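# Architecture at a glance
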Amino acid sequence: MRLFFSKYLRNWYWFVLAIGLALGGAYWYLRNSTPIYQVRAVVLVKKDNSGAIGDNIVNAEKGQPAEKNIENEIETLQSRTLVQKVVDNLNLTVAYFKKGKIHENEEIYQTSPIKVTAKELNPLAYQGLMSIRILDKNKYELMDEEGQPIAQYMFNRAIQNDYGNFTVSLIDSLYKPTENVVKVAFYDNDDITQQYQSAIKVVLQNQKSTVLQLSMETPIPAKGKAVLRELLNQYTSSSASARNQEAATTLKFIDDRLKLITGELGNVEKNVESYKSDQGITDLSAEGNLFLGAVRDNDARLNDIGIQLRVLDGVESYLKSSSSGVAPATSMVNDPVLSGLLGKLSELETQEEKYSQTTQPDNPYRKTVTAQIASTKSAIKDYVKNQRQNLVITQKGLNQQNNRISSSMRTIPRKEREYVNIKRQQAIKESLYILLLQKKEETAISYASSVMNIQIMDYPYSSPYPIKPNRSSIFMLAFFAGLLIPAGLISGRSLLNDKVQSRKEIETVTGIPVFGEITRKPKELKNNVIDLTNHTLISEQFKILRANIQHSFGQRDAGDGQVILITSSVSGEGKSFVSLNLALSMSLLNKKAIVLELDLRKPQIVQYLGQPQFSSKGISTYLAGEADYPDLIQQTDAHPNLYFIPSGPIPHNPTELLSNSRIKGLLDQLRREFDYIILDTPPVSMLADAGLLSAYADTALYVVRHEYTPRNYMRLLSDLRDSHKFKSLNLIVNAVNYPNSEDFGYGYNYSKRKAY
């Protein structure tokens, strides 16, 4: 875990910078963004007995009263018709702004010192803000977008200009001389209605209740509360109006009938009085009262059937008409199924009207509602037809019964029989009159009880703090962004980097422990020869490497020098640098050390020592038989125990030269004369030279350069270990960049190393 976080901790300053910039950006965003508040209201939709047909039938079967369709109420509250009324009543097509401390224009609601009443506006009025400067309490001037005056006008007088026809009024109680510039914005009525219709949300607060929550998000809480309050007022008014329209129609129907019956009843009563006076009859006999009582009940039922037939006539006329609305006198329909069907039709027509204002004719939802209206009308027609047939049959039965009674009345005297007929007409009119008065009273009671359809539980209120933007969330996101962005960049760079980064990955892939580490050469060091007498880190590391070699491979007998082969994966990993300075560290122990420049293609040793780059005699001439052993060895001037053999002229066949037997003879002679013979060879992955020389070496040091050697060459090391091509294979990590290293340390393992 420590190694995982080490690469991030090394770059802590990037995290500090990124977090600072992210938090600063968050602060700037919050400072310049408009805070949004949420306004809410909670209402209880009361239960009702005038639900849809399906609900009526099901609840009637269960013996329960029907309940209001809550989904319909939600749709009604969000309907365009209601929102349109809210926009018109609150004059939301006009908004007022002032110059803010942060924003150029801040909307002011209910605190504007002026009020603009637009009569007719031109397209220019909707394209920008109209600036008004209050000069005094009597006049004002219009300004253009640059603040230059256009013209002066008087308050409360209609004006006509490029913006249109409108009137500006001054509100004295809100006027402040220090804030005398107000900007006015005009909005298209349809557009602003659509915006508020989308902004207002109505949801069922609990599935087991009829409590609705109304909410909207707005930058001005006072405006949002006013909108919801007006919406509830309009809903209450609209709901009461829709429910009472049927009652009003019924009352009109009853009043018309009462006027007619009242006149007829008066005439009949006069006839009774006249007949009694002319014929000298004071009262009916017992037999006459018996006949009169028999027909009175039948006549009352016939009156009721007559009213029901007239109501059905009104329903049929309503179905045949193209206009939508509430069917006339449906409150007088005694059948609950027919009442439910008519209520369902009214709801569907309301939905269809809403869709007609907001959707195209081919909208699938609108088509569905239209199909349901047609289906419901067809069902009502069929049901009315059946009801009419039933009423007509009942009416015929009652008339037949009356005829039988009339036939029986022939047994009584003529005068009394005539008087019974007159009294019967009076009873019929009285019965119908009483029935109509009763229906009128019932309808009036229903009209009065249906004023309030909802109960406001929580009047519109605003959240105390803005819900958007969420300051804590934005600062938290900014903080994590400041962490994640540099972490992602560092991780991405690490994933894209194919160079060796850590000691752990070297040892994991190769299976070979790291034998030694060499730090990067100090920048102030101009040449590649280290002054090992100083106690610098790099000099101490070469001394530790020397001690590790001595400890791991022991002391050699005199005349038996140790051959150390140094190679790497690719060019540029520091083989010659390690070879030369390792030999130099050996020479400081009064041991004779010699470096052989066996990279015959690209020699570096003589260049590091300041010698001529190409010598006329060297290893290449010796292997070619053109030079002898005494001509090869050269001693350094500054280090008496350090010797070297240059590569000589670059040959055209170096691999073939290294394959002949003269190299073995050379090394055998050097073993007898020197304590350490260091072979600086070419990269093993590119050339076969190191492989050819591995047979003569006692140990091999494989140089891997930190942040330079490609990772894929680590598998080559693993293959070399498994093939045992080298007698003893050990890893040297060169040019370690400790500030960027993940798990390199300054210590070394002095334990016995296993030879591979």
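Described below are features of the structure shown in this document. Worth saying up front: this structure is predicted, and the values here are computed from it rather than measured.

Rules and cut-offs
- Residues numbered from 1 in each chain as written.
- Predicted model: local features only at pLDDT ≥ 70, side-chain atom pairs only at ≥ 80, totals over all residues.
- Heavy atoms only, no water.
- Core = buried A, V, L, I, M, F, W, Y, C linked by side-chain atoms within 4.5 Å.
- Buried < 20%, exposed > 50% of the residue type's maximum accessible area, 1.4 Å probe, protein only.
- Contact = heavy atoms within 4.5 Å.
- Axes fitted to C-alpha atoms, helices over the stretch in contact; angles between N-to-C directions.
- Helix = DSSP H or I, 4+ residues; strand = E, 2+ residues; numbered from the N terminus.
- Left-handed = near helix turned anticlockwise from the far one by under 90°.
- Nonpolar A, V, L, I, M, F, W, Y, C, P; charged D, E, K, R; others polar.
- Salt bridge = Lys/Arg side-chain N within 4 Å of Asp/Glu carboxyl O.
- Parallel < 35°, antiparallel > 145°, perpendicular 65-115°, else oblique.
- Phe/Tyr/Trp six-rings, centres within 6.5 Å; stacked < 30°, edge-to-face > 60°.

This part takes up the nonpolar core. In terms of nonpolar packing, the biggest core is built from 43 residues, with Leu-596, Leu-670 and Ile-677 touching the most fellow members. Apart from the residues within four sequence positions on either side, Leu-670 is in contact with Ile-594, Leu-596, Tyr-629, Ile-633, Ile-645 and Ile-677.

Next up on the list: the packing of helix H5 (residues 80-90) against helix H6 (residues 189-199). Between H5 and H6, the shortest axis-to-axis distance is 9 Å and the interhelical angle comes to 115 degrees. The hand of the H5/H6 crossing is right-handed. Along the contact surface, H5 presents Arg-80, Val-83, Gln-84, Val-87 and Asp-88, while H6 presents Asn-189, Asp-190, Ile-192, Thr-193, Gln-194, Tyr-196 and Gln-197. Considering only residue class, the contact of H5 with H6 consists of four nonpolar, five polar and three charged.

Charged atoms that come close allow side chains of opposite charge to pair. Enumeration over the complete set of coordinates arrives at 17 salt bridges. In this structure, the salt-bridge partner of Asp-631 is Lys-617, at a minimum N-O distance of 3.6 Å. Here Asp-631 is found in the loop between helix H17 (619-623) and strand E17 (634-635), whereas its partner Lys-617 is found in the loop between helix H16 (605-608) and H17, with 14 residues between them in sequence. Linked through salt bridges whose partners overlap, the residues forming this network are Asp-313, Glu-316 and Arg-388.

With that out of the way, let us pick up the packing of helix H14 (residues 537-553) against helix H15 (residues 575-587). Two elements in contact, H14 and H15, have axes whose closest approach is 9 Å; the angle formed by their N-to-C orientations is 75 degrees. When the axes of H14 and H15 are compared, the pair comes out roughly perpendicular. Of the residues in H15, those in contact with Ile-538, Phe-542, Leu-545, Arg-546 and Ile-549 of H14 are Phe-577, Val-578, Asn-581, Leu-582, Ser-585 and Met-586. Split by residue class, the contact of H14 with H15 holds eight nonpolar, two polar and one charged.

So, about the packing of aromatic side chains. Each pair of aromatic rings is reported with the distance of its centres and the angle of its planes. Evaluation of the coordinates by the stated rule reveals eight aromatic pairs. Taking the centre distance of 5.9 Å and the plane angle of 35 degrees together, the rings of Tyr-140 and Tyr-153 count as tilted. Of this pair, Tyr-140 sits in strand E6 (residues 139-143) while Tyr-153 is found in strand E7 (residues 149-154), placing the two residues 13 residues apart along the sequence. Residue classification places Tyr-140 among the buried positions, given a relative accessible area of 0%. With a centroid separation of 6.3 Å and an interplanar angle of 50 degrees, the aromatic rings of Phe-166 and Phe-186 are classed as tilted. Here the residue Phe-166 occupies a position in strand E9 (residues 164-170), and Phe-186 occupies one in strand E10 (residues 181-186), the gap between them amounting to 20 residues.

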